[in-house]
Amino acid sequence: MAKKVFEKGKMVPVPSHSIIPERDLYKSPILECSHLGIDFGGLAAVKDFNITVGRTEIAGLIGPNGAGKTTVFNLLTKVYHPTRGTILVDGMDTAGKTPAQVNRMGIARTFQNIRLFNNLSVEDNVKIGLHNQTRYNALSGILRLPNYWKQEKMAHESAMELLSIFDMQDLAGHKAGSLPYGAQRRLEIVRALATNPSLLLLDEPAAGMNPSETVELMENIVKIRDTFHIAIMLIEHDMNLVMGICEGICVLNFGQIIAKGTAEEIQNNPVVIEAYLGKQKEG
Amino acid sequence: MKNYFKNMKTITKVDYATYLGVIAAFVIVTLLQSAGMLTRSMTGMLVPICCYICMAVSLNLTVGILGELSLGHAGFMSVGAFSGVIVSMSLQSSVPNELVRLVLALVMGAILAAVVGFVVGIPVLRLRGDYLAIVTLAFGEIIKGIINCLLVGWDENGLHIALNIDGTKTMDSLHLGENSIQIIKGAQGAAGNHRIATFTAGFVLVMITLIIVLNLVRSRTGRAVMAIRDNRIAAESVGINVTKYKLIAFVTSAALAGASGALFGLNYSSVSADQFDFNTSILVLVYVVLGGLGNIWGSIIATVVLYVLPEALREFSDYRMLAYAVVLILVMLATNNECFKAALSRVIPKRRKGAAANG
Ligand SMILES: Nc1ncnc2c1ncn2[C@@H]1O[C@H](COP(=O)(O)OP(=O)(O)O)[C@@H](O)[C@H]1O
Ligand SMILES: [Mg+2]
């Protein structure tokens, strides 16, 4: 089962970009989860979660509210420690690692409920993402040694370049907390990218965005994958976005994977349709 | 040059304005002093004001920049004061130069306070939640208790230290030899110090404190610290080692409090541990809160105004506390008020943009 999504890449119709789907098959996967699970007070929020994500794949994680999607991200980034199962990032086990260490291993993320450094400027938010790319210690900072100026200049340039992905250079001096909702979501992506990840996790990146913003975001997600050559895994309720750019999709319901496959397969899967319609009946 | 100033970030401008303000204040006060225009009581306040400015600025690093409540800042001041006095008195004969002795005392005060800060901080700052307030509150009381039963003397063989925990020991238990100096006498504290602290030294300490704190805040380290304050989970998610940066901020803050404590201790012929109690910690916290959390120049202004005010209001004895309360409110409005900041933004162009990074 774990291999399935991975091999499905072959069958995916080539998306709007030029990279061939087989591309990832000959490289080791960036993420491998096996039998991942967590209990909250005896209740299993996620059970037997298995997934493999290719080096430059865009993967989707969908499911009704409360299915456990965000919990999966929290497990991958060690905000929660799994009760069961293993997570391999680039072949290395993340057992016992802290969220900061997992980030340094190559996983960066955004949050469903935006978590920016609200009192700091947009530029500083990105520079904080560049924290581990900027190399000088507290003393060089206090004494403003030559290394400080060199590294700060580099950080400034990198920050501006990263902000330019979303055309946000002009907002650099603004307080992050004062940005409109959509811009805050984009800034979170930029900050995550600044940590130089090999796997980017996006938790509902299009939430609160209008349709034209969403289309733009879709293009940018693909652009990010193509320029940085990284894998992206996203949680999203906007089906146009998910079906439009995700090569492999994984459907979660009540903490369990109920289907995996390409957009077409997922759309026609009766189990998935039932899960969503059942949800509608309740709500 | 003009262009350079124009392109400079607003935060940088605010920092330079802070330095310039302190330098200008120092020059003016020195001129007034040499012209004999300062009363004795005013002159006597100069060094303590410098000490309290350093206390407030360093506490702002913990409370405003790191966002952790500390209720025992005076404890670090105490550690610095007594280690400074010990250094100064025991080196009296071997280092006759007062300036060198003062510098050594300040450095020692800073180092010891940093070590104590590390020991206090390391178990607490690893936890999530507001445990620091409780632990620092206890720390302030414990350090007072320890120093109150500390006996320290010096003779040719070096330092003699004893802890008078059961109340049976006296200075005699130290068995000091010839030419001895009794430095700390338990609850009586230290007496007979040479008053080697000067206003110039105070000014230099304020400048060093400002440079350390402001440069730290504007560096990668300071950004990491503010990131933890704004959102710990997000800070972790971008690879920041939360415990490490909390400790860096807290220990730096403690070290600066230690240095100002040493200067404070060496400004009086006697000091006792009771001078650095909970009330002192709260007093400094009031300066910081009224000056604005994370606002360094605000801390300076609030300290000066609130330190000088009770003295200046002595002649209006009946209305003194009333006026003090009014000024407290005014200072709070002036430093934390959005309207005031907006008014300021019209005077200093583009302040609004720069205010983002926490003046
Ligand atoms: N820290 C927690 N403690 C207890 N229950 C939790 C916790 N985090 C998530 N849950 C539960 O796990 C389930 C999945 O939540 P979540 O992952 O946020 O769903 P979604 O798929 O909408 O992102 C929910 O029932 C939620 O109440
Ligand atoms: Mg969610």
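About the thresholds
- Residues numbered from 1 in each chain as written.
- Chains lettered and ligands numbered in written order.
- Predicted model: local features only at pLDDT ≥ 70, side-chain atom pairs only at ≥ 80, totals over all residues.
- Heavy atoms only, no water.
- Helix = DSSP H or I, 4+ residues; strand = E, 2+ residues; numbered from the N terminus.
- Buried < 20%, exposed > 50% of the residue type's maximum accessible area, 1.4 Å probe, protein only.
- Contact = heavy atoms within 4.5 Å.
- Donors = N, O, S within 2.8 Å, 3.2 Å for Na, K, Ca; no water.
- Domains from an automatic or database assignment.
- Buried area = accessible area lost by both parts, 1.4 Å probe.
- Salt bridge = Lys/Arg side-chain N within 4 Å of Asp/Glu carboxyl O.
- Polar contact = N/O pair within 3.5 Å; in protein donor to acceptor, adjacent residues only side chain to side chain.
- Pairing = 2+ DSSP bridges.
- Axes fitted to C-alpha atoms, helices over the stretch in contact; angles between N-to-C directions.
- Core = buried A, V, L, I, M, F, W, Y, C linked by side-chain atoms within 4.5 Å.
- Parallel < 35°, antiparallel > 145°, perpendicular 65-115°, else oblique.
- Left-handed = near helix turned anticlockwise from the far one by under 90°.
- Nonpolar A, V, L, I, M, F, W, Y, C, P; charged D, E, K, R; others polar.
- Patch = residues over 30% accessible without salt bridge, like charges linked within 9 Å, V, L, I, M, F, W, Y side chains within 5 Å.
- Areas by Shrake-Rupley, 256 points an atom, 1.4 Å probe, with all protein chains shown as cover.
- Lys, Arg positive; Asp, Glu negative; His and termini not counted.
- Charge placed at Lys NZ, Arg CZ, Asp CG, Glu CD.

Within an unreviewed UniProt entry, the label attached to chain A reads ABC transporter ATP-binding protein, and the organism entered is Candidatus Enterenecus faecium.

A. Up close: the overall build of chain B. Helix and strand counts for chain B stand at 15 helices and 5 strands. Relative to its full complement of 359 residues, chain B shows a buried share of 53%. Contacts spanning at least 24 positions in sequence make up 73% of the contacts within chain B whose residues lie at least 6 apart.

B. Summary view of the coordination of the magnesium ion (ligand 2). Coordination of the magnesium ion (ligand 2) by the protein is provided by Thr70 of chain A (OG1) and Gln112 of chain A (OE1), with metal-donor distances spanning 2.0 to 2.1 Å. Here Thr70 of chain A, found in helix 2 (residues 69-76), pairs with Gln112 of chain A, found in the loop between strand 6 (107-109) and helix 4 (122-129); they are 42 residues apart in sequence, far enough to count as distant.

C. Examining the environment of Arg218 of chain B more closely. All names here are of chain B. For Arg218, the position within the fold is in the loop between helix 7 (199-217) and helix 8 (220-230). Given a relative accessible area of 14%, Arg218 falls into the buried group. Sequence separation between Arg218 and Ala197 is 21 residues; the distance between their C-alpha atoms is 31 Å.

D. Looking closely at the domain arrangement of chain A. All names here are of chain A. Domain assignment breaks chain A into domain 1 (1-8 + 21-106 + 197-277) and domain 2 (117-196). Relative to domain 2, the C-alpha centre of domain 1 lies at a distance of 27 Å. Of all residues in domain 1, Pro197, Ile224 and Phe228 give up the largest surface area on contact with domain 2, accounting jointly for 30% of the area buried on that side. Inspection of the region where domain 1 meets domain 2 yields 1 salt bridge. Arg186 is the salt-bridge partner of Glu213, the closest N and O atoms lying 3.5 Å from each other. Counting every contact that joins domain 1 to domain 2 gives 3 residue pairs in polar contact (both at pLDDT 80 or more).

E. Summary view of the sheet that holds strand 4 (residues 84-89) of chain A. All names here are of chain A. The antiparallel open sheet is built from 4 strands, whose spatial order is 2-1-4-5. Strands with a single pairing partner mark the edges of an open sheet, and in this sheet they are strand 2 (43-53) and strand 5 (92-93). Two strands pair when backbone bridges link them, and strand 1 (residues 31-40) and strand 2 are joined in this way by 7 bridges, in the antiparallel orientation. Across the sheet, residue Leu31 finds its bridge partner in strand 2, namely Val53. With respect to the sheet, helix 2 is in contact with strand 1, strand 2 and strand 4, its orientation differing from that of strand 1 by roughly 115°.

F. Inspection of the sheet that holds strand 7 (residues 199-203) of chain A at higher detail. Residues and elements named next belong to chain A. Strand order in the open sheet made by the 6 strands is 6-7-8-3-9-10, with mixed pairing throughout. The sheet terminates laterally at strand 6 and strand 10 (256-261), the two strands that pair on one side only. Adjacent strand axes in the sheet meet at a mean angle of 20°, parallel and antiparallel pairs treated alike. Sheet contacts for helix 2: strand 3 (58-62), strand 6, strand 7, strand 8 (231-235) and strand 9 (248-253); angle to strand 8, the most-contacted strand, approximately 145°. Strands in contact with helix 8 (residues 211-228) are strand 3, strand 7 and strand 8; relative to strand 8, the strand with the most contacts, it is inclined by about 155°.

G. Structural context of the nonpolar core. Among the nonpolar cores identified, the biggest contains 111 residues, and Phe82, Ile183, Ile184, Leu210, Ile240 and Leu263 of chain B are the most heavily contacted of them. Leu210 of chain B has contacts with Thr18, Tyr19, Val22, Val57, Asn215, Ile296 and Ile300 of chain B, leaving out every residue within four places of it along the chain. Counting residues in hydrophobic clusters, the runner-up holds 48 residues, among them Leu116, Leu130, Phe166 and Ala194 of chain A.

H. How the structure looks around the environment of Glu247 of chain A. All names here are of chain A. Inspection of the secondary structure assignment puts Glu247 in the loop between helix 9 (239-245) and strand 9. With relative accessibility at 8%, the residue Glu247 sits in the buried group. In sequence terms Glu247 and His174 are 73 residues apart; their C-alpha atoms lie 36 Å from each other. For Glu247, the side chain forms a polar contact with the main-chain nitrogen of Ile58, separated by 2.7 Å.

I. Structural view of the packing of helix 4 (residues 73-90) of chain B against helix 10 (residues 242-265) of chain B. Residue and element names in this part refer to chain B. As a packed pair, helix 4 and helix 10 sit with axes 6 Å apart at the nearest point and diverge in direction by 50°. Of the possible angle classes, the one that applies to helix 4 and helix 10 is oblique. Crossing of helix 4 against helix 10: the hand is right-handed. Contacts between helix 4 and helix 10 involve His73, Phe76, Met77, Gly80, Ala81, Gly84 and Val85 from the first element and Phe250, Ser253, Ala254, Ala257, Gly258, Gly261, Ala262, Phe264 and Gly265 from the second. When grouped by side-chain class, the residues that make up the contact of helix 4 with helix 10 number 9 nonpolar, 7 polar and no charged.

J. Highlighting the interface of chain A and chain B. Counting from both sides, the interface comprises 34 residues of chain A and, opposite them, 31 residues of chain B. When chain A packs against chain B, the two sides together hide about 2900 Å² of surface, and 56% of this comes from carbon and sulfur. Together, Phe117, His131 and Ile142 of chain A form the three largest contributors to the area buried by chain A at its contact with chain B, with a combined 21%. The interface formed by chain A and chain B holds 1 salt bridge in total. Of the charged contacts, one joins Arg223 of chain B and Glu152 of chain A as a salt bridge, the two residues approaching to 3.0 Å between their closest N and O atoms. At the boundary of chain A with chain B, the tally comes to 14 residue pairs in polar contact (both at pLDDT 80 or more). For the side of chain A that touches chain B, the secondary structure elements donating two or more residues are helix 3 (99-105), helix 4, helix 5 (138-143) and helix 6 (146-164) of chain A. Here the element with the most residues in the side of chain A that touches chain B is helix 4 of chain A; it accounts for 5 residues. Considering only residue class, the side of chain A that touches chain B consists of 11 nonpolar, 13 polar and 10 charged.

K. Representation of a negative patch on the surface in the model. All names here are of chain A. Among the surface-exposed residues, Asp167, Asp170, Glu216 and Glu219 lie close enough to one another that they form a single negatively charged patch. When you line up the elements, Glu219 lands in helix 8. Exposure remark for Glu219: the relative accessible area of 52% places this residue in the exposed category.

L. Structural detail: the side chain of Thr195 of chain A. By the secondary structure assignment, Thr195 of chain A is in the loop between helix 7 (181-194) and strand 7. Here Thr195 of chain A falls in the buried class, since its relative accessible area comes to 7%. One polar contact links Thr195 of chain A to Asn103 of chain A, side chain to side chain, over a distance of 3.3 Å. From its side chain, Thr195 of chain A meets the backbone oxygen of Ala192 of chain A in a polar contact 2.7 Å long. Apart from the residues lying within four places of it in its own chain, the contact partners of Thr195 of chain A are Asn103, Ala108, Gly129 and Gln133 of chain A together with Val238 of chain B.

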